[in-house]
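If you want the building blocks of each chain, they are given just below.
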Amino acid sequence: MLEFLQYPFMIRALLSGVFISILLGWLGTFVVTRKMSFIGDGIAHASLAGIALAVLLGWAPIPTAVILASIIAVIIYFLEKKTNISSDMAIALMLTTGMAIGIILLSFYQGYQPELMSYLFGNILTINSYDLWSILLIGSVVLIALPIFYRKILFSTFDPIGSYLSGINNWIFDLLLYVSTAIVIILSIKLVGVILVSSLLVTPSAIAKMFAKSFKSFTLLTIIFSVFIVLIGLILSYYLDLPSGATIILTGTALFILAYLFSLALKRRSIKT
Amino acid sequence: MLIEVKNLSYKFNDFTALENVSFEIEKGDIVAIIGPNGSGKTTLLQNIIGVLSPTTGTITIDGEKPRDVRKKIGYVPQKFEFDRTIPISVHEFMSLEKCGKKGHDEKNIIEALREVGLEDVEEKQLGHLSGGQFQRVMIARALLHEKEILIFDEPSTGIDLVGEKTIYDLIKKINEDRGTTCLIVSHELNIVNKYTKKVVCINKQMVCYGSPEIVITPETLQKLYGSGTGLYHPHNHIH
């Protein structure tokens, strides 16, 4: 029954998928609370410039895109805070600029570049050992940083003035959150692709919100749903021979619909009793 | 003297929000800031807590820059800008600020909530509280962290008359029992008259400063709000 475990590419996809889904789920709780869900799309699309540059120059795409996405995240942050540009405008500006640079860079590339499609739409077959180790190593930095600075990020998320008055320098933790989100988004693009990655940042939180009673349970449920969506999506994509990224996202959407119906049923039951 | 505002001016680009404002607040005072919409009240508060820096002039708290002593200040905003559907319990919210051994102690949180008249809300979601209850949670958090100065930005906005009285009675009690210096931005002139010891009247510039019964006169109100405004007293007299 678990024949997919015989294939090294599936093992790599499952390992990287579980690891990334934990990070995306956790970061997603902050992203959703701060109402900045659009940032996932912005950074992922803008990172096309980094991927295109790496492809053109023969560099490693993921580390190149991680560096570029971190720079984009910092620019978005400063545009939001230091200019009169709103968050969605700053993100849209960087999204379109990054994509335009990427498209122009790719126009210089001679010949067909099949791997590029895997960055756009995700393809688990292209996650090699180097990618897996890149994901585990770079992602571990985020996984270590998050619990250390969790309380401060949470405080500045919920009550920026209160956290400032408690002595916290909010900008440090805001930037940490932006850059961490950028890094994890880039790590996940081979799994789900530039086009679809922001869904994994938002859907698990949207499902968890329906059932959680505290932020702690919200975070735990989001991570559980995130891992569940990625695992089921990957297994379905294997058995149904469908593109992994789109299958993962649609698994999330299906779970969201089921969860919504279930939460409605629970509410009706509680009203009756 | 605790808070000293000296010749404060604040400009956003070419727009002058505050010009040459000066006043002093003693430790343990309960002071209201009044003025019409757009008069610079919130800008003044933001300068006092150190989020904004004066263009010219100075603000000191205990002789130091506000930013350097900001841990002494508790701030209760007019409304709380967060998605109310995000689940965070009152207990979690109260525990956000780390403060040594005392802050996160279950007993102290319950005690602080009881002090503001809120019992059994600890496990409730913050987003499920009413406006008045939320204001009291913010006050309880300030009590938990033993803030020396409490700043309220229009604390009764969107709250009914009973809730308004509860909040102002609570502010007065904290001021009297703990000696906490309280600074309140308010539009409610009758409340200001009843609860505060001093009032700062601003309309971009300083209009008056002193005890409310002396400085809130028809002339002051005319300067602040234009004609047709006054204090309501029983017997339907407009002063």
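Preceding this section is the structure that the text describes.
So, here's what we can say about the structure. For clarity, every value in this text was computed on a predicted model and none was experimentally measured.

So, about the overall build of chain A. Looking only at helices and strands, one finds 13 helices and 0 strands in chain A. Starting at the N terminus and walking to the C terminus, you meet the elements of chain A as α-α-α-α-α-α-α-α-α-α-α-α-α. Here chain A has a C-alpha radius of gyration of 19 Å; the compact-globule value for 273 residues is 19 Å, and the two agree. The principal-axis extent of the C-alpha atoms belonging to chain A is close to 65 × 55 × 30 Å.

So, about a negative patch on the surface. Residue and element names in this part refer to chain B. A surface patch of like charges, here negative, comprises Asp105, Glu106, Glu111 and Glu123. Tracing the backbone through its elements, the reader meets glutamate 123 in the loop between α3 (106-115) and α4 (131-144). Residue class for glutamate 123 comes out exposed when judged on its relative accessible area of 58%.

All names here are of chain A. At a minimum axis distance of 10 Å, the contact between helix α1 (residues 8-33) and helix α7 (residues 129-158) shows a crossing angle of 20 degrees. By the angle between their directions, the pair α1 and α7 is classed as roughly parallel. Of the two elements, α1 crosses α7, and the hand of that crossing is left-handed. In the contact of α1 with α7, the residues fall into 19 nonpolar, 6 polar and 1 charged.

A few words now on the side chain of Thr33(A). As for its placement among the helices and strands, Thr33(A) is situated in helix α1. By relative accessible area, Thr33(A) is classed as buried at 5%. What Thr33(A) contacts, discounting residues up to four positions off in sequence, is Thr157(A), Phe158(A), Phe215(A), Phe218(A) and Ile86(B).

Moving on, we come to the interface of chain A and chain B. Of the residues lining the interface, 23 residues belong to chain A; the matching set on chain B comes to 28 residues. Carbon and sulfur atoms supply 62% of the area buried between chain A and chain B, which totals about 2200 Å² over both sides. Looking only at chain A, the three residues that lose the most surface to chain B are Phe158(A), Tyr164(A) and Leu165(A), adding up to 33% of its buried area. Counting across the interface, chain A meets chain B through 2 salt bridges. In this structure, Lys209(A) and Asp83(B) form a salt bridge, with 3.6 Å as the shortest nitrogen-oxygen distance.

Right, let's talk about the nonpolar core for a bit. Burial of nonpolar side chains together is a common tendency in soluble globular proteins. All names here are of chain B. The biggest cluster of nonpolar side chains holds 116 residues, and the ones touching the most others in it are Met94, Leu113, Leu126 and Val137. In this view, leucine 113 contacts Val90, Met94, Leu118, Val121, Glu122, Val137 and Ala140; residues no more than four positions away in its chain are not counted. The next biggest cluster of nonpolar side chains, apart from the first, holds 30 residues, and it includes Ile3, Ile25, Ile61 and Val69.

Analysis parameters
The residue count restarts for each chain, going from 1 along the sequence in the order it is written. Note on labels: chains are lettered from A, ligands numbered from 1, in written order. Under the rules for a predicted model, residues below a pLDDT of 70 receive no local features and side-chain atom pairs below 80 are neither given nor counted, while totals for whole chains, interfaces and linings still include all residues. Think of the side-chain values as coming from all heavy atoms in the structure, minus any hydrogens and water. Runs of E in the DSSP output that reach at least two residues are strands. Runs of H or I that reach at least four are helices, and both are numbered from the N terminus. For the radius of gyration, the atom set is restricted to C-alpha positions; the globular benchmark scales as 2.2 Å times the number of residues to the power 0.38. Residues with no salt bridge and a relative accessible area higher than 30% make up the patches, which join like charges within 9 Å and nonpolar side chains (Val, Leu, Ile, Met, Phe, Trp, Tyr) within 5 Å. Working definition of accessibility: Shrake-Rupley area with a 1.4 Å probe, residue cover restricted to the visible protein chains. Salt-bridge detection follows one rule: a side-chain nitrogen of Lys or Arg within 4 Å of a carboxyl oxygen of Asp or Glu. For this count, His and the chain ends are skipped, Lys and Arg are scored as positive, and Asp and Glu as negative. Note on charges: their place is set at NZ of Lys, CZ of Arg, CG of Asp or CD of Glu. Think of it in three bands: residues with accessible area under 20% of the maximum for their type are buried, residues over 50% are exposed, and the middle band is partly exposed, with areas taken using a 1.4 Å probe on protein chains only. For helices, the fitted axis covers only the stretch in contact; all axes are lines through C-alpha atoms, and the angles between them, taken along N-to-C directions, range from 0 to 180 degrees. Angle categories: roughly parallel below 35 degrees, roughly antiparallel above 145, roughly perpendicular from 65 to 115, and oblique for all the rest. Rotating anticlockwise by less than a right angle from the far helix to the near helix defines a left-handed crossing, while the corresponding clockwise rotation defines a right-handed one. Three classes are used: nonpolar for Ala, Val, Leu, Ile, Met, Phe, Trp, Tyr, Cys and Pro, charged for Asp, Glu, Lys and Arg, and polar for all others, with Gly counted as polar. Any pair of residues with heavy atoms lying within 4.5 Å of one another is described as a contacting pair. Computed with a 1.4 Å rolling probe, the buried area is the accessible surface lost when two parts are put together, summed over both parts. Definition used in this section: a nonpolar core is a set of buried Ala, Val, Leu, Ile, Met, Phe, Trp, Tyr and Cys residues joined via side-chain atoms within 4.5 Å.

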